[in-house]
Amino acid sequence: MATAYDRVRAARQSSRPTSYDYITGIFDGFIELHGDRRFADDHAVIGGIGRLAGRPVTVIGIEKGHTAKERVYRSFGQPGPEGYRKSLRLMRQAEKFGRPVICFIDTSGAFCGVGAEERGQGQAIAESLYEMSSLDVPIISVFIGEGGSGGALALAVADRVWMLENAVYSVISPEGCASILWKDASRAEQAADHLMLTADDALNLGVADRIIDESDIGSEDFFERIRNDLSHELDVLSADGSLAENRYRRFRAFGTYREREDAAEQ
Amino acid sequence: MPDIPFLNFLYKPRNELEKGGRAFVPAQDIEKEPEETCPNCHRSFPKSTFEKQLFTCSCGHHMRISARQRIGFIADRDGFHEMFRGITSADPLSFPGYGKKTETLRLSTGEDDAVICGRAVISGEECAMFVMEPSFLMGSMGSAVGEKITRLFEYALNERLPVVGFAVSGGARMQEGLLSLMQMAKTSAAVKRHSDAGLMYLSILTDPTMGGVTASFAMEGDIIIAEPGALIGFAGPRVIEQTTRKTLPEGFQKAEFLLEHGFIDAIVPRTEQKETIASLISMHRPGNTEDTDDGDSV
Ligand SMILES: [Zn+2]
């Protein structure tokens, strides 16, 4: 059986299909839309409009790239504030025109650097969570590789969260966790066991709703299956008259805590 | 004292005698008052001096204080009614050492978790208030913190109250894994609902406010103010330094840096916060037009 860290390794493989592959494999007539209208165009985030089985949808994906050159161009799939602002701009546009939003997530985390902090990395993610929580169109987020903390969540306040079999989703990288816990990043494998970061774990915690079989990953059949599943799910969500209310309830319910009897008194 | 009188203003007293304090009181007659040293300017003062200045130093440094102390400084006398007490962290991941750690902290701090919530009166102005506790796992947000803050915003929405929140946090709590991460979305959704009802949320950032708390409710206030010198950011400075292998610019991620870059509304010293908060609440009270003495009134 695959260990949690085996999943992490698989999720990080550069040969894995990236958001760009999913977008071209699943949607027809995709037109990329660039920029956050404030500062720059973040190459770590691809966004635009395309058709999903005929229906116009907004598509947003965090892109890592495959080759070394591509990876540098894509900031290794680590969006800065501009990436999250572009994503949110396109989501608001989707809401205006009543288009569903499909997100593909594959990031080790939000970009870490002086410029990102100067331009409000935390604020950009916060605004994304805040706005997505009540966006009035269906949102489906698919984790295709790494799901690194707040940088991934910023595209995943969704009505449905699906994960590839070998995708991971975690509050902190196993390396980061190990270096905090044992001051030793090389014990990442052990840390991964504790973090409950696999797709199965996320499903058990209720964070994910579905696991996507990846035995034929990257093939035409694979993308066709996802296209059909997305299309079907959008039919279900589009018929939901209380979408934002249900999304609120979904996230409201997360948490495991103890409560003494006197807690209810006000 | 220095011999040149006009340079006296440059002079920092080295002891009580030079300060002209209790010079002639025989040592055995007074109980030696404990002193505290400012971590910034390294001068020592009697604890009561710091207390009078709400644990700020004349050099401008704001010392870290507990949530209870803060509530005492901000709320009116008998003006804080605590709510949602008794919500404590569970250990959903059976994370190494976590259960034991929180148990110890509950005993040592006397707090259930890293936030205190309640209804408060501040210079006569009513609000819902949350104050985070730095000594409980550096104010990190797990399920208990997320639940209490969410309940507070929901309560404030029902009661049509503004929310005043003091953030101090290292971020999302690693030991509760994905469930901690989900608290960022959960609290953000609650803030949004409160806001959509036309209600005001005043977020006050104190040292430090980092990670998943910066990237959620701390940065979602209608008005965001910060304490002088507070470290505020997403990634921690040490992590950035290690990742980029560059020396960070002077004052990086300090409150003053955020003000300069347009991410906070104002920096307000602790001694002025109560007044500022009360004014802001009063100016957001529905139908609030203050009677003024100008015009043709006699
Ligand atoms: Zn000082």
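Keep in mind that this is a model prediction, so the values were computed, not measured. (Residues numbered from 1 in each chain as written. Chains lettered and ligands numbered in written order. Predicted model: local features only at pLDDT ≥ 70, side-chain atom pairs only at ≥ 80, totals over all residues. Heavy atoms only, no water.)

Undergrad: Help me get a handle on the pattern of salt bridges, residues and values and all.
TA: Once their charged atoms are close, side chains differing in charge can pair, the charge on each being opposite to the other. Taken as a whole, this structure holds 39 salt bridges over all chains when the rule is applied. One salt bridge connects A:Glu259 with B:Arg151, and the closest N-O pair in it is separated by 2.9 Å. Separated into two different chains, A:Glu259 in strand β9 (residues 257-259) and B:Arg151 in helix α5 (residues 143-159) make up a pair that spans both. We note a salt bridge from B:Lys186 to B:Glu147, for which the minimum N-O separation is 2.7 Å. Separated by 39 residues along the polypeptide, B:Lys186 in helix α6 (residues 177-196) and B:Glu147 in helix α5 bring together distant segments of the chain. Summarising the burial analysis for this pair, B:Lys186 and B:Glu147 share the class buried. (Salt bridge = Lys/Arg side-chain N within 4 Å of Asp/Glu carboxyl O. Helix = DSSP H or I, 4+ residues; strand = E, 2+ residues; numbered from the N terminus. Buried < 20%, exposed > 50% of the residue type's maximum accessible area, 1.4 Å probe, protein only.)

Undergrad: Can you explain the interface of chain A and chain B? Please cite residues and give values.
TA: In this complex, chain A contributes 51 residues to the contact, which on the side of chain B involves 63 residues. Regarding the contact of chain A and chain B, the summed buried area is about 4,900 Å², with carbon and sulfur atoms giving 67% of it. Taken together, the connections running from chain A to chain B amount to five salt bridges. The partner of B:Asp112 in a salt bridge is A:Arg260, with the nearest N and O atoms 3.3 Å apart. Between the two partners, chain A and chain B, sit 20 residue pairs in polar contact (both at pLDDT 80 or more). Looking at which element gives the most residues to the side of chain A that touches chain B, the answer is helix α6 (residues 121-132) of chain A, with eight residues. Taken together, the three bridges between β9(A) and strand β4 (residues 87-89) of chain B define a ladder with antiparallel strand orientation. Note on β4(B): the bridge partner recorded for A:Tyr257 is B:Ser89. (Contact = heavy atoms within 4.5 Å. Buried area = accessible area lost by both parts, 1.4 Å probe. Polar contact = N/O pair within 3.5 Å; in protein donor to acceptor, adjacent residues only side chain to side chain. Pairing = 2+ DSSP bridges.)

Undergrad: Break down the coordination of the zinc ion for me, citing the residues and quoting the values.
TA: For a metal with four donors in a tetrahedral arrangement, the ideal angle between donors is 109.5 degrees, while six donors in an octahedron ideally sit at 90 or 180 degrees. Residue and element names in this part refer to chain B. At this site the zinc ion is bound by Cys38 (SG), Cys41 (SG), Cys57 (SG) and Cys59 (SG), with donor distances of 2.2 to 2.3 Å. Considering all four donor atoms around the zinc ion, angles at the metal cover 106 to 116° and the coordination shape is tetrahedral. Judged by its relative accessible area of 32%, cysteine 59 falls in the partly exposed class. (Donors = N, O, S within 2.8 Å, 3.2 Å for Na, K, Ca; no water. Tetrahedral: all angles 85-135°; square planar, octahedral: opposite > 155°, others 65-115°.)

Undergrad: Break down the packing of aromatic side chains for me, with residues and values.
TA: A full pass over the atoms with the stated rule returns 14 aromatic pairs over all chains. An angle of 70° between the planes, with centres 5.9 Å apart, marks the rings of A:Tyr22 and A:Phe222 as edge-to-face. Taken together, the residues A:Tyr22 in helix α2 (residues 19-26) and A:Phe222 in helix α11 (residues 220-238) connect sequence positions 200 residues apart. For A:Tyr22, a relative accessible area of 0% puts it in the buried group. Consider the rings of B:Phe130 and B:Phe153, whose centres lie 6.3 Å apart with planes at 50°: the pair is tilted. Here B:Phe153 lies in helix α5 and B:Phe130 lies in strand β6 (residues 125-132), a separation of 23 residues in the sequence. (Phe/Tyr/Trp six-rings, centres within 6.5 Å; stacked < 30°, edge-to-face > 60°.)

All we've got here are geometric facts, nothing functional implied.
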